[in-house]
Amino acid sequence: MAMPEKPENEDRRMARVGDTTADLLARWGFDPDNVAILPERHPQYRECERHGRYAISIVDEQGVVRYRSPVCPVCAAEQASRRLMESAAIPKRYIDCGFDNYVVDLPGQQTVLEVCREYAEHFEEHARHGDCLIFCGNPGTGKNHLASAIARTVLAKGHSVLHTTAYDLIARIRETWKGSDHGREREVICGFAEVGLLMIDEVGKTFGSDGERIHLFEVIDHRYRDLRPTIILSNEDVEGVERYLGTAAFDRLCQGGGLLRFDWESHRRGRRGVR
Ligand SMILES: [Zn+2]
């Protein structure tokens, strides 16, 4: 097959593939010497620099050649995932963060990786129970990396994901106060409540007035009642997060969920479920 065939062989081979090919040739006015449409010459392949060979044509059950989009399917899937991540408002520097490129040097990192991977892979089950996660720890310990890896997996399963900061969430709700339309506030809170998975980053970074805590609590509580999972990311320690959110919201988030310390010296796990 690798060697170029002589024209007389082509005739015999064309007779063998039968009427379909002959019909096609006649119908489309192809030069019979042009063998590109012969089913035996398919599938044809192209080469992606990053992912290697991919088929750009197939032969269907009737022996007809069907062309596919000449775009590497892996690249296309990556692009689709990128678009989804953008719509989920994942910060750009985390868009390529997955479970596979999370670097593990310490047992604590292995633990959080396993908990997060399990959570993402069994998201439907966790969502049914409204299981939440709280990530606590200093900046640069990989909280956002793993949150993005969860987002990517959950988006790929077809759920909606929204990444926001506590500051943005509060600002969005407060913006509605400018007008006289008080229904808008409820609308914004419901918007945050309806997302399949909500990630609230930088919890504790804002000054933490009671008014702010009320907004966060409203969103967390609304989601809790609807059994919708929320992931909280904070640079505070566990006590700091509890102090900031208030015990009621903190308890809702811990119920059935996991508390992950990104301190690499010790880690505490969920009160139930995630181990
Ligand atoms: Zn590719």
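Further up the page is the structure itself.
Calculation rules
Throughout, residues of each chain are indexed from 1 in the direction in which the sequence is written. Where local features are concerned, this predicted model is filtered to residues with pLDDT of at least 70; where side-chain atom pairs are given and counted, the filter is 80 or more; whole-chain, interface and lining totals use all residues. As a rule here, side-chain values cover all heavy atoms of the structure and leave hydrogens and water aside. Counting from the N terminus, the helices are the DSSP runs of H or I reaching at least four residues and the strands are the DSSP runs of E reaching at least two. Throughout, exposure labels follow a simple rule: accessible area from a 1.4 Å probe, protein chains only, divided by the maximum for the residue type, with under 20% read as buried, over 50% as exposed, and the rest as partly exposed. Note on contacts: a residue pair qualifies if any of its non-hydrogen atoms lie within 4.5 Å across the two residues. Note that accessible areas follow from Shrake-Rupley with a 1.4 Å probe, and for residues the cover is restricted to the protein chains shown. Donor atoms: N, O and S within 2.8 Å of the metal, or within 3.2 Å for Na, K and Ca. Because water is excluded, sites can look incomplete. In these descriptions, tetrahedral denotes four donors with every angle between 85 and 135 degrees, square planar four donors and octahedral six donors with opposite donors over 155 degrees apart and the rest between 65 and 115, and irregular any other case. Think of each axis as a best-fit line through the C-alpha atoms, taken over the contacting stretch in the case of a helix, with angles from 0 to 180 degrees between the N-to-C directions. Each angle gets one of four labels, with under 35 degrees taken as roughly parallel, over 145 as roughly antiparallel, 65 to 115 as roughly perpendicular, and the rest as oblique. Pairing of aromatic rings covers Phe, Tyr and Trp, the last counted by its six-membered ring, and requires centre-to-centre distances within 6.5 Å; plane angles under 30 degrees mean stacked, over 60 mean edge-to-face, and any other angle means tilted. We count a charge as sitting over a ring when the NZ of a lysine or the CZ of an arginine lies within 6 Å of the ring centre and within 35 degrees of the ring normal. To qualify as a nonpolar core, a set must consist of buried Ala, Val, Leu, Ile, Met, Phe, Trp, Tyr and Cys residues joined through side-chain atoms within 4.5 Å. The criterion for strand pairing is that DSSP finds at least two bridges linking the strands in question.

**Some details on the overall build of the protein chain**
At step 1: Assigned secondary structure in the protein chain consists of eleven helices and nine strands.
At step 2: Buried residues in the protein chain amount to 45% of all 275 residues.
At step 3: Counted over contacts in the protein chain with a minimum sequence separation of 6, partners at least 24 positions apart contribute 66%.
At step 4: Entry remark: accessible area of the protein chain is about 15,300 Å², with carbon and sulfur atoms responsible for 50%.

**Some remarks on the environment of D210**
At step 1: Within the secondary structure, D210 is located in helix α9 (residues 210-225).
At step 2: Taking the C-alpha atoms as reference, D210 lies 9.5 Å from G246; in sequence the two are 36 residues apart.

**A word on the coordination of the zinc ion**
At step 1: Protein-derived coordination of the zinc ion comes from C48 (SG), H51 (ND1), C72 (SG) and C75 (SG), at a distance range of 2.1 to 2.3 Å.
At step 2: Every donor counted, the four donor atoms about the zinc ion form angles of 105 to 114 degrees at the centre, which fits tetrahedral coordination.
At step 3: Mapping the donors of the zinc ion onto the primary sequence yields the spacing C-x2-H-x20-C-x2-C. With H51 in the loop between β1 (45-48) and β2 (52-55) and C72 in the loop between β4 (65-67) and α3 (73-87), this residue pair connects regions lying 21 residues apart in the sequence.
At step 4: Its relative accessible area of 5% is what places C72 among the buried residues.

**Points about the environment of G211**
At step 1: In this structure, G211 sits in helix α9.
At step 2: Counting along the chain gives 41 residues from G211 to I170, while the straight-line C-alpha distance between them is 9.2 Å.

**Examining the packing of α9 against helix α10 (residues 238-245)**
At step 1: The contact between α9 and α10 brings their axes to 9 Å, and the two run at 95 degrees. Here α10 runs roughly perpendicular to α9, going by the angle between their axes. On α10, the residues that touch E212, R213, L216 and I220 of α9 are R243, Y244 and L245.

**Things to note about the packing of aromatic side chains**
At step 1: One pass over the structure, following the stated rule, counts two aromatic pairs.
At step 2: Pairing Y119 with F123 gives two aromatic rings, centres 6.1 Å apart and planes at 70 degrees, and the pair type is edge-to-face. A single burial state applies to Y119 and to F123, both of which are buried.
At step 3: Summarising the aromatic geometry, the rings of F135 and F262 are spaced 5.1 Å apart at their centres and angled 40 degrees between planes, so their arrangement reads as tilted. In this pair, F135 sits in strand β5 (residues 133-136) while F262 sits in the segment after β9 (258-261), placing the two residues 127 residues apart along the sequence.
At step 4: Since its relative accessible area comes to 1%, F262 is described here as buried.
At step 5: Across the ring face of Y45, the terminal group of R53 is positioned such that the distance to the ring centre comes to 3.6 Å.

**Considering the nonpolar core**
At step 1: F135, L146, I150, L197, M199 and I231 are the most contacted members of the largest nonpolar core, which totals 32 residues.
At step 2: Residue assignment for this core shows that the elements contributing at least two residues are α4 (107-121), α5 (123-129), β5, α6 (143-156), β7 (197-201) and β8 (230-234).
At step 3: Here M199 is in contact with A147, I150, A151, V161, L162, H163, T164, I231 and L233, once residues within four sequence places are set aside.

**Considering the pairing of strand β6 (residues 161-165)**
At step 1: Of all the five residues making up β6, five are buried; the element is thus mostly covered by neighbouring parts of the structure.
At step 2: Side chains V161, H163 and T165 of β6 all project onto a buried face; the interleaved residues L162 and T164 project onto the opposite face, where all are buried too.
At step 3: Inspection of the sheet shows β6 paired to β7 by five bridges, in the parallel sense. Bridge assignment links V161 to a residue of β7, and that residue is L197.

**As for the sheet that holds β7**
At step 1: The five strands are arranged β6-β7-β8-β5-β9 in an open sheet whose pairing can be described as parallel. Edge positions in the open sheet fall to β6 and β9, since each of these has one partner strand only. Geometrically, the sheet is characterised by an average inter-axis angle of 15 degrees between neighbouring strands, direction not taken into account.
At step 2: Lying on the sheet, α4 is in contact with β5, β7, β8 and β9; it crosses β9 at an angle near 145 degrees.
At step 3: On top of the sheet, helix α11 (residues 247-254) reaches β5, β8 and β9; it is set at about 110 degrees to β5, its chief contact.

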